[in-house]
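Close look at the chain arrangement
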Amino acid sequence: MEEFKTVEVTTDFLIIGPGMAGTGAGVEAAHWAKENNLKVTIVDKAAMERSGAVGMGLSAINQYQGENSPVDYLSYVRQDLMGCCRDDLVMDISRHVNGSVHMMENYGLPIWLDADGNYVHEGRWQLMINGESYKAIVAEAAKNAVGMDNIIERVFVLRLLLDKNDKKKVAGAIGFNVRGPEIYVFKFKACLVCAGGAVHVFKPRSTGEGLGRAWYPPWNAGSSSYLTTTAGAEMSSQEVVFIPGRYKDGYGPVGAWFLLFKATATSATGFNYMGEGLAEGGELHNWPPYGEVKPIPTCLRNHLMMIEMFQKGDGPILIHTDKAIAKLASAAGDDKKAYAKAMKKLEAEAWEDFLDMTISQAILWASKDVFPEEGPSEIMPSEPYFIGSHSGASGAWTSGPEDIQTEESKKEYFWGYNRMTTIKGLFAAGDAVGNSSHKFSSGSFTEGRIAAKAAIKYIVDNPEMPEFDSAEVDKIKEAIVLPLKHYEEHKNYTTMGTATKKYPQPVEEVNPNFITPKMVIFRLNKIMDEYVAGCGSQYNCSSITLNIALDLLKLLKEDLSKLAARSYHELLRCWENIHRVQIAEAHTRHKLFREETRWPGYYYRTDFRKMDNEKWGKVFANSVYDAEKDEFTMIARPLYHLVEITKVVGMV
Ligand code: SFD
Ligand code: AMP
């Protein structure tokens, strides 16, 4: 094993994960840091030009307010999350997001314009973009602002370090180079965790030949949650996963199809489950008040789909792309040439939607000879993801802005610096923040800006550099390299695994002394799928299954100390899985805590099949983790509605 060298980096503000939130943070922090003579550093586990969820590009900006008010947006988000969101966080992003979108356009992001030069909307809140290079464009802006000397790529941050004199204050972070023997020790006054959501905690529908394909990026491994949780920050809504309904196998998003192309979806025998669900006496009326008003919340759209598939056995669900395209093209009238031209344009837009953001869906269509203008496609509820920025809500419990609070909420939702967690100097944004859902790419960028500005203010107010305990650093350094050591020590005590002439591709190791990262992820996925409401259990769980999962996770956690890595790349895989296991346990405990079914279509508590508005409609499920004792404490925090909503503002 090669000797690891330590690289020490001292800075004022560290941005961990320059995805959408982190690039927004970089641009904003650089501005305020310059005014205050401070240093900003960015660290990414990958290369920021294509890192994170937007690496493949996107075809829409899903949050743009236009002329709508923050209360309008709040009405939509609160409805979509079945009443459960932090009004202050949602409205805070809403009031700033237009500016962020205009900044992106100025950086060179092509937003679709109509003949009059106005933005082309997909729906009320969404804009269509030519977004293949979206991430490269915002990354370039952040690089220019922060300066290349202050950007560190391909370093995986695995743990935060606390102030040795104040365990409620962050002081540093530790990570390693994913391509060579280097450990990075960061020392700073404040940091922003924006390392994305968590994918592959649950068993994906894509297994075998399709393994690795997911809707959200497989390289989002739960680091945001791990870093904040293990630092002792209070977490919130870790039970609220997002199950996107997606084109089967390629995970192509449906938004453009439902909103822009106005497609409908039916069961296999043609039942329009969304239309009928809303009709008088339909299923949605069992979920008042959220099921009774349009737009149908995302989880309830799933719920209706699941009834058709799993209760009635009337799958697959079909999205009628052909009918939608034909209807739009028919606007061209009887002129055959105009109709053909309209069809060509729509066909191109249909393919571009996927080529801009989910290329594998386009490849799958091509390889299966699917012509969207000729016939329907299957859609499916996918596996659960942890994503605080879309229609899920998991993440850190953070301070909100001071000016949007009521007297009552201010005591619970504000503690000095916007988007600071309950640990001093530790800020969060994007997928890392709980209960501020539906911010998507543009809102995440905006939240990064909000958090970065507040963090610089915190640094100006707290200029002393904190100190961490060097003995703790040494302990973590030893733990980092342990998987490489395990492999070296035990690699010969095995039947398969090392590359040989006969087996040039190393086969998965079977070894009594260690466990490979692939084995960990398979075991984790199986536990979560079967006991914590994955697709394999048709999204059902109960206190019995959740407790079984906790027992199995305990055993898995013991085995994590036996992880082995054959290369630096596998060392990354080991640590990603350690992060995944942490969010898996937090999620299971949160699900157990909330004794109701609030988001049918995301998961069902079969022992509490209904919403309990009296008890759970008024609180957030929060938790604090004690890393020394390896113990979670569950907390119910009050859910205040800061604004009375009289009318839910729709989608189109
Ligand atoms: O249609 C570490 N999203 C969509 N948003 C939109 O606005 N429009 C769309 O059309 C969207 N759709 C969509 C979307 C995502 C995906 C994958 C598809 C389709 C196929 C959602 C947005 O992408 C999402 O909301 C934001 O990107 C969230 O931003 P953020 O910053 O919270 O996460 P990130 O961008 O993934 O960045 C994470 C960064 O952290 C790094 N990282 N660095 C160091 N150490 C570690 N341990 C780290 N772990 C992670 C990553 O490398 C990355 O830089 S549609 O489906 O809705
Ligand atoms: P998606 O492509 O599914 O990620 O969706 C993109 C945006 O469109 C999100 O704001 C979704 O909530 C919204 N959306 C997708 N499908 C529908 C639908 N059938 N009805 C209302 N909104 C939708």
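Preceding block: the structure.
Just so you know, these numbers come straight off a predicted model, no measurement behind them. (Residues numbered from 1 in each chain as written. Chains lettered and ligands numbered in written order. Predicted model: local features only at pLDDT ≥ 70, side-chain atom pairs only at ≥ 80, totals over all residues. Heavy atoms only, no water.)

1. A closer look at the overall build of the protein
- Assigned secondary structure in the protein consists of 17 helices and 21 strands.
- Its C-alpha atoms give the protein a radius of gyration of 24 Å, near enough to 26 Å, the size a compact globule of 652 residues would have.
- By the burial criterion, 60% of the 652 residues in the protein qualify as buried.
- Taking the contacts inside the protein whose residues are at least 6 apart along the sequence as the reference set, 75% of them involve residues at least 24 apart.
- Of the roughly 25,500 Å² that the protein leaves accessible, carbon and sulfur atoms contribute 52%. (Helix = DSSP H or I, 4+ residues; strand = E, 2+ residues; numbered from the N terminus. Rg over C-alpha atoms; globule rule 2.2 N^0.38 Å. Buried < 20%, exposed > 50% of the residue type's maximum accessible area, 1.4 Å probe, protein only. Contact = heavy atoms within 4.5 Å. Areas by Shrake-Rupley, 256 points an atom, 1.4 Å probe, with all protein chains shown as cover.)

2. Quick notes on the nonpolar core
- Core analysis: the largest hydrophobic core is formed by 150 residues, its most contacted members being Ile-16, Leu-160, Phe-186, Trp-257 and Ile-480.
- Sorting elements by how many residues they give to this core places helix α17 (residues 568-593) first, with nine residues.
- When residues no more than four places from it in sequence are discounted, the contact partners of Ile-480 are Leu-158, Ile-174, Gly-175, Phe-176, Ile-183, Leu-571 and Trp-575.
- Counting residues in hydrophobic clusters, the runner-up holds 48 residues, among them Val-27, Ile-61, Tyr-64 and Ile-151. (Core = buried A, V, L, I, M, F, W, Y, C linked by side-chain atoms within 4.5 Å.)

3. A short note on the environment of Glu-122
- In this fold, Glu-122 is placed in the loop between α3 (87-107) and β5 (127-131).
- Judged by relative accessible area, Glu-122 falls into the buried class, the value being 6%.
- Here the alpha-carbon distance between Glu-122 and Phe-258, two residues 136 residues apart in the chain, equals 9.1 Å.
- Leave out the neighbours within four places in its chain, and Glu-122 touches Ala-60, Asn-62, Leu-127, Met-128, Gly-255, Ala-256, Leu-259 and Leu-260.

4. Quick notes on helix α1 (residues 20-36)
- Over its 17 residues, α1 extends 25 Å from the first C-alpha to the last, a length consistent with the 24 Å expected when each residue adds 1.5 Å.
- In terms of residue burial, α1 counts as a mostly covered element, since twelve of its 17 residues are buried.
- Tucked inside the fold, the buried residues of α1 contact β2 (13-16), β3 (40-43), α3, α4 (134-146), β10 (190-193) and α13 (440-461).
- Asn-37 occupies a position one or two residues after α1 and carries a positive phi of about 55 degrees. (Expected span 1.5 Å × (residues − 1).)

5. Some remarks on the side chain of Asp-322
- Along the chain, Asp-322 turns up in helix α9 (residues 321-329).
- In this structure Asp-322 is buried but unpaired, with Lys-323 as the nearest side chain of opposite charge at 5.9 Å.
- Look past the residues within four positions of Asp-322 in its chain and what remains in contact with it is Pro-372, Glu-373, Glu-374, Gly-375 and Pro-376. (Lys, Arg positive; Asp, Glu negative; His and termini not counted. Salt bridge = Lys/Arg side-chain N within 4 Å of Asp/Glu carboxyl O.)

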